[in-house]
Amino acid sequence: MFTKAKNIDAAFRHIRSFTLVMIIASITFCCFALFKSYELVQTAHSKVYILANGKVLDAYASERKENIPVEARDHVSTFHRFFFSLDPDDKVIQSNVVRALYLADASAKAQYENLKESGFYISIISGNISQQIQIDSVQISTDGYPYYFKCTASQRIIRATSIVTRRLVTEGYLRSVARSDNNPHGFLIERWTTLENKDVNIQNR
């Protein structure tokens, strides 16, 4: 009789231990499944599809700090293209300059006002001159904030009798601002100055 009681007690302990192990295993499996599900949802949220030229492309979202150098370079390039791309048409000039001034602070507006007062834009229109710019390089330093940049570019000034190539070097700082339709990168150029702007070649037409 005592032997049967001992066997029943041992069997109960075994069942209790087995049940406890199964409960722990179930909880562990549930936690793992929840973690993987959350991870899968996060991955799905960061993935979008882009339709380009009839093809579906995968794109992944990332934190802004990973893209700061790329976005900053494009912001600086875009500003310079708008500010320095000119044609002998007052509406084109105004449109480009207004779009450029959305990307910079009063330092850019001051340069625009100086050029305007000196008759630069009037001479562009009256002389049927076109000005084009090619960005050669944009250096961004993210070591400090605001971010320092240095832009090197080539200008082509197309006149009736000649084409002048100029070397342009500018510098300034980038401050983060809210993104908008007029400022999609969310940067604002501050303390923008021209370091060099000189002729390097003159070609007769």
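Just above, that's the structure.
Residues numbered from 1 in each chain as written. Predicted model: local features only at pLDDT ≥ 70, side-chain atom pairs only at ≥ 80, totals over all residues. Heavy atoms only, no water.

Chemist: Explain the sheet that holds strand β3 (residues 130-141) to me, please; I cannot follow it from the model alone.
Modeler: Each strand in a sheet pairs with another by means of backbone hydrogen bonds, the pair being arranged parallel or else antiparallel. A sheet is described by the order of its strands in space; here four strands give the open sequence β3-β4-β5-β6, paired in antiparallel fashion. In this open sheet, the two edge strands, each paired with only one partner strand, are β3 and β6 (187-204). Looking at each pair of strands side by side, their axes are set apart by 15° on average, direction ignored. Bridging between strand β5 (residues 162-176) and β6 involves 14 bridges; their strand directions are antiparallel. What sits directly across from Leu-168, in β6, is Asn-197. (Pairing = 2+ DSSP bridges. Helix = DSSP H or I, 4+ residues; strand = E, 2+ residues; numbered from the N terminus. Axes fitted to C-alpha atoms, helices over the stretch in contact; angles between N-to-C directions.)

Chemist: Even after reading the chapter, I still don't get the packing of helix α3 (residues 90-101) against helix α4 (residues 106-117), so can you show me in this structure?
Modeler: Packed helices, taken two at a time, are described by their axes: the angle between them and the distance between them. At a minimum axis separation of 9 Å, α3 and α4 run at an interaxial angle of 155°. With respect to α4, the element α3 is oriented roughly antiparallel. Facing α3, whose interface residues are Gln-94, Val-97 and Leu-101, α4 presents Ala-108, Lys-109 and Tyr-112. In terms of residue class, the contact of α3 with α4 is made up of four nonpolar, one polar and one charged. (Parallel < 35°, antiparallel > 145°, perpendicular 65-115°, else oblique. Contact = heavy atoms within 4.5 Å. Nonpolar A, V, L, I, M, F, W, Y, C, P; charged D, E, K, R; others polar.)

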